[in-house]
Every structure is written in C-alpha cells, then in structure tokens.
Amino acid sequence: MNETNQEKREHPGASSGGLLSNVRVLDLGQGVSGPFCARLLADQGAEVIKTEPLEGDLARRMGPFAGDEAHSEKSIPFLYLNTNKRSITLDLSTARGRILLHALVRWADVLVENFEPKLRTSLGLDDESLAAANPRLVTTSISNFGSTGPYSDWKATDLITSAISGLMYHSGNADREPLRSALSQSLYVAGINAAAATLVAIYRRLSTGKGGRVDVSVAECMTAHLVQASASYAYTGGLRGRRPAHGAPLEELMPCQDGHVVVSAQGSQPFNTVADLIGLEELKGPMFASAEGRIVNGEALEHLILDGLAHWKKNELFHAANKQRLVFGQAQEPAELYSCPHLNEREFFASVNHPVAGAAKYPRDLIRLSEGSFATRHPAPILGAHTTEVFREILALSDAEIEQLRSLAVI
Amino acid sequence: MVNLPLKGLRVIDLSRVFAMPYAAAFLADLGAEVIKVEGCAFLSADTRLGGPFGGPWADDAPGELHYERNGVFHVLNRGKRSLTLDLNQAAGLETLKKLIATADIVIENFTPRVMRKFGLDYPNLRALRPDVIMVSNTGYGHSGPFSNYGAMAASLEPTHGSGAFIGYEGGPPNKISNSYTDFLASWTALYSVMAALLYRTRTGKGLWIDLAMYQVGTAFMGEGLLDYAFNGRANRWMGNRHDVHAPHNTYPCKGHDRWVTIAVTDDSEWRALCAVIGNPELAEDVRFIDGPSRLKHQDALDALICQWTTPLDQYEVAHRLQAVGVAAGPVLDARDLFTDPHLMARKFFDHIEHSPETEVGCRPQLGRPWSFSDFEVPTPSAGPRLGEANNYVLRELLGLGEAEITTMTEQGVIGTTPTDAPVPIPVPVAEQLRLGRLVELDPLYRQRLKLDSQPLK
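Residues numbered from 1 in each chain as written. Chains lettered and ligands numbered in written order. Predicted model: local features only at pLDDT ≥ 70, side-chain atom pairs only at ≥ 80, totals over all residues.

1. Some details on the domain arrangement of chain B
Looking at the assigned domains, one finds that chain B contains domain 1 (10-219 + 347-448) and domain 2 (248-333). One C-alpha centre belongs to domain 1 of chain B, the other to domain 2 of chain B; they are set 42 Å apart. (Domains from an automatic or database assignment.)

Below you can see the structure in the form of structure tokens.
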C-alpha cells in the first residue's frame, strides 16, 4: 500500500518548516523527562521517531487516564508528552533489535534516552557502540542524579529528586513538613534543560563535526533553582526555609472572598497604592511604609490584609491591582486557565483529536515567535503505528523483512 | 584551551532581576561574550542592591562597595562584562544602538512599552542588525489583554495554576515558591535561543522570541489541565502522597526539621523495605499486601514508617533503602547541598574568585545541571564590577575616542558607581532569623565552605 504525497506531508515526521526542521531525533525516552525533551525539539520542527519497547513507553501505564480508564492510548502524561512524534516498537534486549537501533542511529542527529545509567551498555547505548554507528550523533542522557557520582545508580521518583535537589526543603509551610511540587515538575525541568543542552551540542557540532554525550541530572536541574537559598548560605551562613507560619502576608497566597490571591508590594508603586486598593487606612501607617517595616511588622500587616481581602473577589482584585501596576496574582484552577481571555487571544490552546483518547485542548507551545509558531499538532502516536513506514522509508526494508521481524517479536 | 560552543557570539543583556540574567549567565558559561547593560541611576530594579531583605552581602556586611558584594547578583551574572549606560540620555541610547548593531543576541525583560519608547522593539532592532535574535521576556507576553500587566514569579506561580495541584492534603493551594516561574523562563530562554541560533545558521535569518512567563508556567501544568479537560478534575491536593503508590511520603528523622522521602512503587520494593525496617512480618500484613491495599491504609502505613525513621539520620535511611533498591532520599537544605558527597564528586559548584577590592574572596556558586563529553566548561569569571567593561566596549568595540568617553563620563552617561541608591538598610541576618525569614544561622559556614578570605568587619 503506497502513501500518497498528501498523506506524507501530513504525518508528524514531515518537514514542518520549523526552527529545527532539519534535526532528526530518536526518542528512546520513557516516562516524562526524555519524552518531554524530545517533544520540545518536535515543537520547533524536529523530526522525532519515538522508539518504544514492545509493551510501550512506561508513561502509557501512568495515570491519570482520559476517562479514568487505564488504557495504553489514554494516559494523560503520555498524550501530553508525545505530540508530533511517530512511534515504532523495537526490542532492545535482542541482538537484532540493537542492530536495527544502530541502523536508525546512522539516520539520526540526536538520540534522547533516560534509562538508568547502568543499563546503557546492555541496550546498545554505550559510547563505543553509538560512536561506531554514527560519530556525529548527539546522545542526550537524562538520569536522576547524572551518570557519575555516588548516587548515580540510586532509584528515584519525582519526590526523591525534588528532596535531594534541595528545592523541596524550601517549599510549603515552616510549621509543616517540606512539600513537594506536583505534576512531575523535576522531570519536566530536566526535560527542558536536556532540550537546551542538546541544541548546544548540535550547535557545537556545526564547527567540530563531532557529536558526543550530554549528561543531564534531574536533581541538579532543580538545585539550579536555588539561587537565593544557596547564595544566602554561601555569603552569610543564613539558611532559608519555608514560608513562616505567621507574619509573611506579602508575595504569598492569602485567602480572599472566593479563593486565594497574592498581594505584592514589589514593583514601582509605593505601598500606599496597595493600601488604597485594599481599602484600609491603617495600612498607610508609617510602620508599613518601608520594605523593612513590612517585614518587621509582618504579623500586624497580615491581620490587616486578611481583613481587607475578605471584601475582595480574586479575579476582580487581580485586574484592579494590575491596572494600577501592582503585581498581584491569583490562584487559578484549570477551568479558569482554559477560559482565560488572555491565553485564548494568544491562541495558547490547540485542539488535538486523538483517535482513541478523544479530543481536548492542549497547551500548544512555550513561546511565540516572530516567524509564527511551527508547532503543528499531531496527537501522540498509537503504539507502533509508524513501525512499517519508518523501516520502509529510513532503513529501506522490504515488507517481507518487516514481517519477519514482527514474527520474531523484535518489532 | 577548548573552544566553547558559543565562542564568537555577542549577547547584549538588558535584563534585570532573575529569569533573563540567569539565562544569559548560562550563555556566558558556554562561551558567548555577554555584555550586561546597567544604568548607574537605575540599579534598584536589579539585584546588585539586594531585595527587600537586603543582600545577601558577603558575611552580612554591605560595606562601601555593597553593590559589588551581593551573592544573588553574583550567581545570576557570572561570566559577564558590565557596561553602564544611561538610556534616558541620547548619547546612552545611541551607544546602545551601535552596540546592538554588532550583537548576535539581545535579551530584555522590560514591560512592552519600555522597549517601544526607546525605539528598541524588534522591528527597530532588526533595522540595526537584520539577523539579530531577540528575546523579550514579560509576565504575560506582548499581545493579549494582560500584556501591560507587570509580573513577578511569586504572583505568577499560582496565576498559572500551580496552586490547584500543590498543597497539603485537603488544601488550601500552596506554592513551590523560590521564584519557580522565573527559572522556567530561564530554561525556556536558553532552549529557544539555541533553536533560534540553529535556525539562523541554516537560513541567515534572525528571530524575535516573545517569552511570556504565564504561558510557560501554564504549559508546565499541562498534565493537570488535561486531567480537567478529559475528566473534569479541578485540583489534586495530596501533600507528598501519590495517587497510586504507597508508601510515598516525607518522614521525620533525627534532628530539627530533618526529613527523608521514600517512594515504594511495587510489591518487591515493599518487601525490601519491610526487611530493612527489621519487620519482615509486615510484608505479610494483609493491610499492606499490594498497592491498592497500601494506598487504602496509608495513614497506618505512614505511622509505622515514621516510627522507624524518627530516631535515624536522614542520610542513613536513604542509604539503607537505596542499598536494597528502594527509592529514598534526604530532604536537603542549602548547607547540605554544599557538603553533599555526590555534588562534590560531580564538581557541581563553581568556586569563583572575586576581585580583591570587593573583599568577597572565593565563594562556591551553583554550576550547570548538564555537562558534555567532549568539552568542559571552565570556571566562569566573577559577576562583573559595575561598568568594568566601559572602556573595552566604547573604545575597542565601538572605536570611540578619549574625548567622547570623557564627555560621556562627565555627563553621567557612563560611570562606575551607583547614583540612584542610598546605602541599603539591611535587615541583619540575626533579625531575619527572629522573624522566621531564616531558619538558622550557621556560625561555622566559613569553615564548612573552606572560605579562606578575611570577612569584612
């Protein structure tokens, strides 16, 4: 069966004219960090072939699921992390599987993987095998703690990397246990760091002609967020912690009539603008006039702000404050983000229709470009949907050879 | 001497505060020449002068050269050159335009109206340098009804939805804090600048990147948004617990505010944990026999694990569990990070020597969370002294003469000392401790960090 040209242009591997339209990526990523890295490359037009084990990327078994039905095509993390990719299956535990992988490596500019470092050799992902197949290949390896060092083989989930990174110690309330972030943030942050570092290596390759390995540590990506806490200790011995239980009402979430807002005194406006807006004369007292005063008199300030906020609805306060150049925030839930006039005017959401999971509006892209957004939105691929076309197109295998691989359970 | 990947590229960094200065610092690490443009009369918008708490200044002493002694500024601006220009004077603005004509990348984070006012928005920049790559970072982006709103990470984080997912069990919404969204913007800038550089190499064309932190932050909440779109679920406050796995939590350890995290994701890990606790019968307890049972009885389960961890050292718990293949890790604070054996073995921190006049000495600083097999990033130079590159830029890069430079100095277009700022009134660290803004003052930090310079009296 031959594809028409029309269909060829429309598959997710077709050149999109994006910033990275000449970059070819083999995505061996599993779960979150590797797939997010490859998706960010795909968002800018790279051609990404997702290479999954026969049972599929482990994200396919991660919930929540669309319709709360555990199904390999309905995992919400998988659906979000794998748009604009093609999927093939390949069993890397077999010698033939690894031979096919190395054939694909000759086609690729980039290989992204986030296996445990100690598994690399058995999967054919060691430096020697990859360099022998393609010395220009950039291999991006993401692991919990990096490829070297005493914790390099430690097991972790997002909770563990967040803890060891140091970020978690500084989140939550001082009178409670440290609080983790949510939605696998350490793995997402690692994914975007890996995408950036991958592009650095490709850029370097333009002048050296050589690829090499990029080593990304999930935990260190989060540690890199601790600019204030690390500088505080290195410069003064002062250890920063979590939000104090009392007396820290500014730049923190505070309850109002129908939710939570962030009242901020930062920015160019005098504090009296905040006082006038919230509507309490007492806030104009000299004790709150300076930044130092608002810290030292934090408890009194907190009581007044709580009183004032009781009369405000969050969305009204958010707009009233921002129109006066006060940098207030409000705690928004997903429904509010989906209906946000600002995000919608900027066409932030794209409608994506997945053949099994169904249609939904997805966050489309991290940035807007003067050249227009290149992120065409193909839904995440069905497991192995492109195996035949990829082996036919890229490795020039015959249908009979492909059938044989299938019967041997290599693909 | 290795050729760093971005060697030969010039970056003009007009940005302030956290997100974009940090992104530009990584470009400097990678070999770009990054010229930070500062205004002697406009420093209060940046980190040189410290935030509302003041500092952190080296050894909590601002001193006369306080604007050269700020630790946060140093991390965010390492490896850069500093040029001062008063952009409100015609000569300052003209000089910047000449400099931009030689630049590959311009990074800024003013509100949209400021760059338009200066005639430095993208159409104008492109006229100066047709293939320039420009990053404009704002809270909400250059289009849309909120585009004129200012922003800071502390307000943006809940606005882009994190509060719906982060919180102790049952709510209310909480925050990751630590300027989380700023750093998402830093990584996004790095990623998009690198993509734009590859595009420019291939096509000869520059590009404008409209980097809205609200948009970036919302994209990082994507799984949560889709859970709402598909399932109508609005929020998930579950503390440190997991919706499938148990035990999955934070447990107290020996010492004040010391914690360990443990995550068991299958039955064999559970049995291994029971053996380490010294209670193998627990593995047979029907309440905990499989994942769904453990999830159902996680209050009882967490109480049992707490009992075991409470008298133990947080590192010891992690090592014992990792030895049998159970995911566990101590919750580290900043002091722990600087002395952590893993980060030390990986040489994660840069040890940066500051110029003698600043009396900062050598300090450890956050490094990069990635490395490359075929080259090493050398230790960056220290965050620059105010205006240290004025002569280099004006004379060597732009070819201005002595007379012109003297005139610019006399008119205050350039300078090397702040003119808008009174010496900051810091809240001393001891007072910050009393107020709960710091949780501990470690009198031994200089010994632990092996700082050998003399602290400023």
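2. Quick look at the packing of helix 6 (residues 158-165) of chain A against helix 7 (residues 185-208) of chain A
All names here are of chain A. Taken N-terminus to C-terminus, the directions of helix 6 and helix 7 make an angle of 75°; their axes are 8 Å apart at the nearest point. Between helix 6 and helix 7, the crossing angle belongs to the class labelled roughly perpendicular. Counted together, Asp158, Thr161, Ser162 and Ser165 of helix 6 and Gln185, Ser186 and Leu187 of helix 7 form the full contact between these two elements. Per-class residue counts for the contact of helix 6 with helix 7 are one nonpolar, five polar and one charged. (Axes fitted to C-alpha atoms, helices over the stretch in contact; angles between N-to-C directions. Helix = DSSP H or I, 4+ residues; strand = E, 2+ residues; numbered from the N terminus. Parallel < 35°, antiparallel > 145°, perpendicular 65-115°, else oblique. Contact = placed C-beta atoms within 7 Å. Nonpolar A, V, L, I, M, F, W, Y, C, P; charged D, E, K, R; others polar.)

3. Looking at unusual backbone geometry
Omega for the peptide link from Gly63 of chain A to Pro64 of chain A comes to -5°, which places this bond in the cis form. For Pro64 of chain A, the position within the fold is in the loop between strand 2 (47-52) and helix 3 (76-81). Cis geometry is found at the peptide bond from Gly171 of chain B to Pro172 of chain B, where omega equals 0°. Note that Pro172 of chain B resides in the loop between helix 6 (153-159) and helix 7 (180-203). In the Ramachandran plot, Arg325 of chain A falls in the positive-phi region, its phi being about 60° despite a non-glycine side chain. With respect to the helices, strands and loops of the structure, Arg325 of chain A is situated in the loop between helix 13 (314-323) and strand 10 (329-330). Given 14 C-beta atoms within 10 Å, Arg325 of chain A falls into the partly exposed group. Positive phi, normally seen in glycine, also occurs at Val17 of chain B, with a value near 65°. Locating Val17 of chain B in the fold gives a position in the loop between strand 1 (10-13) and helix 1 (19-29). (Buried ≥ 20, exposed ≤ 12 C-beta atoms within 10 Å, placed from the backbone.)

4. Some points on the interface of chain B and chain A
Taken together, the 137 residues of chain B in the interface contact 131 residues of chain A. With 15 residues, the top contributor of residues to the side of chain B that touches chain A is helix 7 of chain B. Looking at the side of chain B that touches chain A residue by residue, the class counts come to 84 nonpolar, 36 polar and 17 charged. Note: strand 7 (residues 238-240) of chain A against strand 13 (residues 438-441) of chain B, three bridges, orientation antiparallel. Along strand 13 of chain B, the bridge assignment pairs Gly238 of chain A with Leu441 of chain B. (Pairing = 2+ DSSP bridges.)

5. Here's the deal with the nonpolar core
With 251 residues, the main nonpolar core has Leu41 of chain A together with Leu27 of chain B as its most contacted residues. Tallying contributions element by element places helix 7 of chain B first for this core, with 15 residues. Those residues in contact with Leu27 of chain B, other than ones at most four positions away along the chain, are Leu6, Val11, Ala32, Val34 and Val193 of chain B. Cys40, Leu43, Leu49 and Leu386 of chain B belong to the second largest nonpolar core, which has five residues in total. (Core = buried A, V, L, I, M, F, W, Y, C linked by C-beta atoms within 7 Å.)

6. Some thoughts on the packing of helix 7 of chain A against helix 7 of chain B
Their axes nearest at 9 Å, the elements helix 7 of chain A and helix 7 of chain B cross at an angle of 25°. When the interaxial angle is binned, helix 7 of chain A and helix 7 of chain B end up roughly parallel. Between helix 7 of chain A and helix 7 of chain B lies a crossing whose hand is left-handed. Listed contacts from helix 7 of chain B to Val189, Ile192, Asn193, Ala195, Ala196, Leu199, Val200, Ile202, Tyr203 and Leu206 of chain A of helix 7 of chain A are Trp187, Thr188, Leu190, Tyr191, Met194, Ala195, Leu197, Leu198 and Thr201 of chain B. When its residues are assigned to classes, the contact of helix 7 of chain A with helix 7 of chain B shows 16 nonpolar, three polar and no charged. (Left-handed = near helix turned anticlockwise from the far one by under 90°.)

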